[in-house]
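Summary of the model geometry
What follows is the residue order along each chain.
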Amino acid sequence: MKAMPTLEGGLRIDTEDASDWELLRSILGDANGCEADLASRLGAFVSEEAGGADWEEYVVPDLREGFHDELAEVGASIESAIYHADGGPGPIWITRDDVFPWYSSLNQARLAIEEHFQFGPGETVAEETLTPERRAAFMRSKFYCAIQSLLLEYVMA
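These figures come from a predicted structure and were not determined experimentally.

Right, let's get into unusual backbone geometry. Of note, the phi angle at Asp 86 is positive, near 55 degrees, even though the residue is not glycine. Here Asp 86 shows up in the loop between α3 (52-84) and β3 (90-94). Here Gln 118, not a glycine, exhibits a phi torsion of approximately 50 degrees, which is positive. Tracing the sequence through the fold places Gln 118 in the loop between α4 (99-117) and α5 (132-155).

α4 packs onto helix α1 (residues 18-31) with a crossing angle of 60 degrees between their chain directions and a minimal axis gap of 7 Å. Viewed along their axes, α1 and α4 adopt a mutual orientation that is oblique. In terms of crossing hand, the pair formed by α1 and α4 is left-handed. Along its contact with α1, which presents Ile 27, Asp 30 and Ala 31, the element α4 presents Trp 102, Ser 105, Leu 106, Gln 108, Ala 109, Ala 112 and Ile 113. Grouping the amino acids of the contact of α1 with α4 by side-chain chemistry returns seven nonpolar, two polar and one charged.

Note that Ser 104 resides in helix α4. Among the polar contacts made by the side chain of Ser 104, one reaches the side chain of Glu 70 at a distance of 2.4 Å. With residues near it in sequence (within four places) discarded, Ser 104 still touches Phe 67 and Glu 70.

Turning to the pairing of β3, a few remarks are in order. Of the two faces of β3, the one holding Gly 90, Ile 92 and Ile 94 is buried and the one holding Pro 91 and Trp 93 is not buried anywhere. Note that strand β2 (residues 11-15) and β3 share five bridges and pair antiparallel. The partner of Leu 11 across the bridge, within β3, is Ile 94.

Let's shift gears to the packing of aromatic side chains. In total, this model carries three aromatic pairs according to the counting rule given. Ring geometry for Phe 119 and Phe 138: centres 5.2 Å apart, planes at 70 degrees, overall edge-to-face. Highlighted residues: Phe 119 in the loop between α4 and α5 and Phe 138 in helix α5, separated in sequence by 19 residues. Aromatic ring contacts, followed pair by pair, group Phe 117, Phe 119 and Phe 138 into a single cluster.

Of all hydrophobic cores here, the largest spans 30 residues; its most connected members are Ile 92, Trp 102, Phe 119 and Leu 151. Sorting the residues of this core by element identifies β2, α1, α3, β3, α4 and α5 as the ones contributing at least two each. In terms of residue count, α5 provides more of this core than any other element does, seven residues in total. Here Phe 119 is in contact with Ile 113, Glu 114, Thr 124, Val 125, Leu 130, Arg 134, Ala 137 and Phe 138, once residues within four sequence places are set aside.

What counts, and where the lines are drawn
Residues numbered from 1 in each chain as written. Predicted model: local features only at pLDDT ≥ 70, side-chain atom pairs only at ≥ 80, totals over all residues. Heavy atoms only, no water. Helix = DSSP H or I, 4+ residues; strand = E, 2+ residues; numbered from the N terminus. Axes fitted to C-alpha atoms, helices over the stretch in contact; angles between N-to-C directions. Parallel < 35°, antiparallel > 145°, perpendicular 65-115°, else oblique. Left-handed = near helix turned anticlockwise from the far one by under 90°. Contact = heavy atoms within 4.5 Å. Nonpolar A, V, L, I, M, F, W, Y, C, P; charged D, E, K, R; others polar. Polar contact = N/O pair within 3.5 Å; in protein donor to acceptor, adjacent residues only side chain to side chain. Buried < 20%, exposed > 50% of the residue type's maximum accessible area, 1.4 Å probe, protein only. Pairing = 2+ DSSP bridges. Phe/Tyr/Trp six-rings, centres within 6.5 Å; stacked < 30°, edge-to-face > 60°. Core = buried A, V, L, I, M, F, W, Y, C linked by side-chain atoms within 4.5 Å.

So, to be careful, I would describe these as geometric facts and stop short of saying anything about function.
Rendered as structure tokens:
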């Protein structure tokens, strides 16, 4: 898989085979991989003294809907690109109009991976000691971070 900025200020990701498409699809699976959704996990940080009940009632539902909508938009974009590429090599485009749902979805996936595996700072992880499942999750998290970095540098700038 290759990613490059476009002249229009977006990002183009070129997949090379079906496994690249599966890696992109894993954004959704990872983002939804925790028992509680991200909106609820964030709401749990607000204490009762700070208005936790109000936060849970008024803020969490809107956050949940926003996060869900962003994941749905990214999922539809991935599926559309797979369809147009007939499951083979092909591009997926992230334009300036698409950047915030993509950035959010990648962030949701990274946060869920961290919640589940608790890697901590990436530079302290000894990859050779990880089980295959943990290594795959760690590599996906690093990939998501790399795409986020490209989005920040070339699309959101």
